[in-house]
Amino acid sequence: MDSAGGYEEYAFVADLYDWVVPYRNRPDISFFVDAATQAGSPVLEIGCGTGRVLIPSARAGLDVVGLDASSEMLAVCRQRLQQENATVQARVQLVQADMLAFDLQRKFTLITLPFRPFQHLITVEEQRSCLLSIRRHLIEGGRVILDLFNPSLEALVSRPEGQEFGDEPDFSTPDGRRVVRRHRTIAHDRFNQVTHVELIYYVTHPGGREERLVHAFPMRYLFRFEVEHLLVRCGFEVEQLYAGFDRSAYGSRYPGELIFVARKTTRAVGEAA
Ligand SMILES: C[S@@+](CC[C@H](N)C(=O)[O-])C[C@H]1O[C@@H](n2cnc3c(N)ncnc32)[C@H](O)[C@@H]1O
């Protein structure tokens, strides 16, 4: 497994990503663009992928650095950027790096992790290392937005291992491939809060050839109070916790999302004064 949740290992994921219906319809773009506009430039987006959120942020007038571990995802992002005007292009810098530990030699007003990249970090030490890197890259009073899913206890208990599920709409790519995507849980590691998942793409090519492509990766799930403790330990104060991108309060629906807005405090636990 690569360090990018399979986004580097399986090149087909970057190729298909922008056409997957739940990704295209994800209602988070204005949430992140508004937060970045409020914070002001420069903004760092971690796990920027193909630029789904990053490009609208640059279009809104923000200077954005996009960091991602996957050269494949960044290559698609670069292609998409080439279709933007020169002013938008000039606002974006892309960096291939691992969010686990990075050093960009500059600071940001806001650092965001849209659509759950943080959940590709499996251990507490990895999470802590990432949050401390984030903290070092924030100005005093700067903020981080962690976008996680709120684990559904029902799904954790009842979802069987090995069976395909999912009812997403099919999609087509511009070159005429038809794609049906399904999901599969391979194993539950309930002690370490890790689900080993597969995203399975059934592709039919224009000539009729069929392919089954599998994106397999582990996904760490985190509970609300665990994240609060982790953030405090790493030198952040939780300001907001939302259940959705409409800014509805955590607890107003179940399971909803787990979207933390946290502000850098003067010191992380154990850090010298
Ligand atoms: C679900 S995609 C989200 C992409 C984008 N943020 C979006 O909202 O469409 C997760 C992204 O996290 C990136 N990623 C996973 N692990 C990473 C790591 N350790 N360091 C940096 N990026 C990572 C992947 O390459 C992928 O682009």
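Up top is the structure.
Residues numbered from 1 in each chain as written. Predicted model: local features only at pLDDT ≥ 70, side-chain atom pairs only at ≥ 80, totals over all residues. Heavy atoms only, no water.

### Some thoughts on the overall build of the protein
Here's step 1: Along the backbone of the protein there are nine helices and 12 strands.
Here's step 2: Taken over C-alpha atoms, the radius of gyration comes to 19 Å for the protein, in line with the 19 Å a tight globule of 273 residues would show.
Here's step 3: Taken over the C-alpha atoms alone, the protein extends approximately 65 × 50 × 35 Å along its principal axes.
Here's step 4: When burial is assessed residue by residue, the protein has 51% of its 273 residues classed as buried.
Here's step 5: Here the analysis covers contacts within the protein between residues at least 6 apart in sequence; of these, 68% occur between residues at least 24 apart.
Here's step 6: Of the accessible surface of the protein, which amounts to about 12600 Å², a share of 50% is contributed by carbon and sulfur atoms.
Here's step 7: Across the protein, the mean location of the 31 positive side-chain charges is 4 Å away from that of the 36 negative side-chain charges. (Helix = DSSP H or I, 4+ residues; strand = E, 2+ residues; numbered from the N terminus. Rg over C-alpha atoms; globule rule 2.2 N^0.38 Å. Buried < 20%, exposed > 50% of the residue type's maximum accessible area, 1.4 Å probe, protein only. Contact = heavy atoms within 4.5 Å. Areas by Shrake-Rupley, 256 points an atom, 1.4 Å probe, with all protein chains shown as cover. Lys, Arg positive; Asp, Glu negative; His and termini not counted. Charge placed at Lys NZ, Arg CZ, Asp CG, Glu CD.)

### Looking at helix α5 (residues 71-82)
Here's step 1: Taking 1.5 Å of rise per residue, the 12 residues of α5 would be expected to cover 16 Å, and the 16 Å separating its terminal C-alpha atoms lies within 8% of that figure.
Here's step 2: Considered for burial, the residues of α5 that qualify are M73, L74, V76, C77 and L81. Each buried residue of α5 sits inside an arc of 160° when the element is viewed along its axis, so together they form one side.
Here's step 3: Where the residues of α5 are buried, they touch α1 (11-17), α4 (54-59), β2 (64-68), α6 (86-90) and β3 (92-96).
Here's step 4: Measuring from the backbone nitrogen of E72 back to the side-chain oxygen at the start of α5 gives 3.2 Å, which picks out S70 as the cap. (Expected span 1.5 Å × (residues − 1). Arc of directions from axis to C-beta. Polar contact = N/O pair within 3.5 Å; in protein donor to acceptor, adjacent residues only side chain to side chain.)

### Concerning the sheet that holds strand β5 (residues 138-149)
Here's step 1: If you walk across this open sheet you meet the seven strands as β3-β2-β1-β4-β5-β12-β11, and the pairing is mixed. Since the sheet does not close on itself, it has two edges, and those belong to β3 and β11 (236-242), each with one partner. For this sheet, the mean angle separating the axes of adjacent strands, direction not counted, is 20°.
Here's step 2: In the sheet, strand β1 (residues 43-46) pairs with strand β4 (residues 108-113) via three bridges, with the strands oriented parallel. Note that in β4 the partner of E45 across the bridge is T112.
Here's step 3: Running at roughly 145° to β5, helix α7 (residues 124-136) makes contact with β1, β4, β5, β11 and β12 (257-264) of the sheet. (Pairing = 2+ DSSP bridges. Axes fitted to C-alpha atoms, helices over the stretch in contact; angles between N-to-C directions.)

### A few points about the site of the ligand
Here's step 1: Among the 20 residues in the neighbourhood of the ligand, the closest are listed as Y17, G47, R52, D68 and D98.
Here's step 2: At 3.2 Å from a nitrogen atom of the ligand is found a main-chain nitrogen or oxygen belonging to A69.
Here's step 3: Tallied by class, the residues present in the shell around the ligand amount to 11 nonpolar, five polar and four charged. (Near = heavy atom within 4 Å. Nonpolar A, V, L, I, M, F, W, Y, C, P; charged D, E, K, R; others polar.)

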